[in-house]
Amino acid sequence: MSGGDIAGLIAAGVFAVLVALLAVPILKLGKVLDELRGSIRTLADGATPLMDEVTMTVSTTHEQLKKVDGIASNVSDTTANVSALSSLIAATVGSPLVKVAAFSYGVRSAFAQGSKAPRRSGRRSR
């Protein structure tokens with residue numbers, strides 16, 4: 001054997017040891033990746049029903065909000081109708097009621113002044 005052959009054998013041995021040393025972390029990394037794949041699969045299996053429930057909840061909430069919007073619209077219409085009705089009543093009853101109150105006040109004032117007529121005595125005050 002020549003020196004080149006011995007150098008080739010040493011290089012081949014060092015390469016074999018290097019491959020053996022690198023194979024251990026690569027195998028461990030493969031196991032970690034397998035565990036990660038299993039965890040992701042479990043997470044995906046659990047997330048799918050959760051997403052379905054969230055979708056159903058959002059759909060139900062949307063329907064309820066439509067109903068609340070209808071109720072709010074009806075309340076707004078009712079408020080406008082009550083406001084118009086109170087304005088109508090104020091215009092219809094309010095003006096004649098004010099006139100009656102003013103007339104009754106005038107009548108009361110006239111009767112009150114008539115009963116408090118000044119008495120004349122023979123004396124004048126200075």
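Keep in mind the model is a prediction, meaning the values are calculated, not measured. (Residues numbered from 1 in each chain as written. Predicted model: local features only at pLDDT ≥ 70, side-chain atom pairs only at ≥ 80, totals over all residues. Heavy atoms only, no water.)

## Re the overall build of the protein
In terms of regular secondary structure, the protein is built from one helix and zero strands. Its C-alpha atoms give the protein a radius of gyration of 52 Å, clearly above 14 Å, the size a compact globule of 126 residues would have. Dimensions of the protein, computed from C-alpha atoms along their principal axes, come out at roughly 170 × 45 × 20 Å. With the model as given, the accessible surface of the protein reaches about 11600 Å², and the carbon-plus-sulfur share is 68%. Taken as two groups, the 14 positive and 9 negative side-chain charges of the protein have centres that lie 53 Å from each other. (Helix = DSSP H or I, 4+ residues; strand = E, 2+ residues; numbered from the N terminus. Rg over C-alpha atoms; globule rule 2.2 N^0.38 Å. Areas by Shrake-Rupley, 256 points an atom, 1.4 Å probe, with all protein chains shown as cover. Lys, Arg positive; Asp, Glu negative; His and termini not counted. Charge placed at Lys NZ, Arg CZ, Asp CG, Glu CD.)

## Comments concerning the UniProt feature "transmembrane region" (unreviewed entry) in the protein
In the numbering adopted here, UniProt assigns the feature "transmembrane region" (unreviewed entry) to residues 6-27. Secondary structure within residues 6-27 divides into 100% helix and 0% strand; the distance between the first and last C-alpha atoms comes to 31 Å. (UniProt positions renumbered as here; feature names shortened; annotations may be inferred.)

## Details of the pattern of salt bridges
Enumeration over the complete set of coordinates arrives at one salt bridge. Across the pair arginine 37 and aspartate 34 runs a salt bridge, and its minimum N-O distance is 3.2 Å. Here aspartate 34 and arginine 37 lie together in helix α1 (residues 3-115), a separation of three residues that amounts to about one turn. Using a relative accessible area of 49% as the deciding quantity, one classes arginine 37 as partly exposed. (Salt bridge = Lys/Arg side-chain N within 4 Å of Asp/Glu carboxyl O. Buried < 20%, exposed > 50% of the residue type's maximum accessible area, 1.4 Å probe, protein only.)

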